[in-house]
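Descriptive structure summary
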Amino acid sequence: MESVDLSVVIVTFKSEDKIFSCIKSIPRNVSIIVVENSNNINFKNMIENNHSNAKCILLGENRGYSVANNIGLKEVSTKFALVLNPDTTLNKDTIKNFLILAAKINDFWLIGPSNNQDKEYSFVDKNFLEVDNLKGFGIFFNLMKFNNDYFDEEFFLFFEEIDLCKRIRNKRGKIFLCKDIIINHEGAGSVSQKNKHELEINRNWHWMWSTFYYHKKYKGFLIAIMIILPKLLSSILKIVYYQMFFNHQKRDIYLARISGIMNSILGKKSWYRPSLD
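Residues numbered from 1 in each chain as written. Predicted model: local features only at pLDDT ≥ 70, side-chain atom pairs only at ≥ 80, totals over all residues. Heavy atoms only, no water.

**A few points about the nonpolar core**
Basically, it comes down to this: Nonpolar core, defined: a set of buried Ala, Val, Leu, Ile, Met, Phe, Trp, Tyr and Cys residues in which side-chain atoms within 4.5 Å join the residues together. Each residue is assigned to one of three classes by its accessible area relative to the maximum for its type, calculated with a 1.4 Å probe on protein chains only: buried under 20%, partly exposed between the two thresholds, exposed over 50%. The numbering of helices and of strands both runs from the N terminus, where a helix is a DSSP run of H or I of at least 4 residues and a strand a run of E of at least 2. Whether two residues are in contact is decided by their heavy atoms: any pair within 4.5 Å suffices.
With 32 residues, the main nonpolar core has Ile-10, Ile-26, Leu-82, Leu-84, Ile-111 and Phe-140 as its most contacted residues. For this core, the element with the highest residue contribution is helix H4 (residues 94-104), accounting for four residues. Once residues within four sequence positions are removed from consideration, Ile-26 is found in contact with Val-8, Ile-10, Ile-32, Leu-84 and Leu-90. Core analysis: the second largest hydrophobic core is formed by 29 residues, Val-35, Leu-59, Leu-143 and Tyr-150 among them.

In structure tokens form, the structure reads like this:
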């Protein structure tokens, strides 16, 4: 089978439940780089021993989505790269349709799948259109447009792809959505749900941290404060409410939100990491 000028990068963290379905859906003539946010040698061996087209990089610790993707993308030697979440699978023609569109519009920076977003976007006389943002579960990179400058590594989780698209559009780079490209995405399923409450705390902490950081980056500190203030006040009220009614799990989620907001306001790094078995 002839190889293609494309590599797939998949960032994982406790993704054993999903990653093998994802890899199985990728054609065997496509190189795969899995970047695992741990030192799980058994996971690495399972991937590399069962898939000759895949290699797994162990980071030794949980360094987050942005850092891990940047490491994976810098390992790519092909012209194009497809960044996938582990809870995705490709359709039979997904790769082929990406490459067809890449040949048609060679000045693009990013291409994303439509996933039947016809209600949100109007594909009138073409099967593709230029957009400002893409969803992060599947992004096709024209690596010739990047100088190893991909995701902002200050983001640990959330807003990474929004920030990436914003920076590209600020450079007048072109981002496209293609109607013929479908990537099946489970959503919020990349990590095993064994530690569901801890994962919910982690998501809320980083959602708030990243929300403030993103708005501060592009709109300044005061505007970011105005945007985040209602969320801060709402979280305080919900902490009081759930404390009164002894719902400590819900209370802890809003405590995490406040911690994420305050750490971001104070200019601290996105340091929170989930404690998982």
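**Here we look at helix H5 (residues 160-170)**
In an α-helix, one turn spans 3.6 residues; hence positions three or four apart end up facing the same way. Glu-160, Glu-161, Asp-163, Leu-164, Cys-165, Arg-167 and Ile-168 are the residues of H5 that are buried. Looking one or two places after H5, you find Arg-172, whose phi comes out positive at around 65 degrees.

**Some remarks on unusual backbone geometry**
In this model, Phe-158 sits at a positive phi of 80 degrees, which is unusual for a non-glycine residue. Relative to the helices and strands, Phe-158 resides in the loop between strand S8 (138-142) and H5. Classification of Phe-158 by relative accessible area gives partly exposed; the value is 23%. Residue Phe-159 is not a glycine yet carries a positive backbone phi of 75 degrees.

**What about the packing of aromatic side chains?**
Rules: Classification of ring pairs uses Phe, Tyr and Trp, with its six-membered ring standing for Trp, and accepts pairs whose centres are within 6.5 Å; under 30 degrees between planes counts as stacked, over 60 as edge-to-face, and the remaining range as tilted.
In this structure the tally under the stated criterion is 24 aromatic pairs. An angle of 25 degrees between the planes, with centres 6.0 Å apart, marks the rings of Phe-80 and Phe-108 as stacked. Of this pair, Phe-80 sits in strand S4 (residues 80-84) while Phe-108 sits in strand S6 (residues 108-113), placing them 28 residues apart in sequence. Taking relative accessible area as the criterion, Phe-108 reaches 0% and is therefore assigned buried. With a centroid separation of 5.2 Å and 65 degrees between ring planes, the pair formed by Trp-205 and Trp-271 is classed as edge-to-face.

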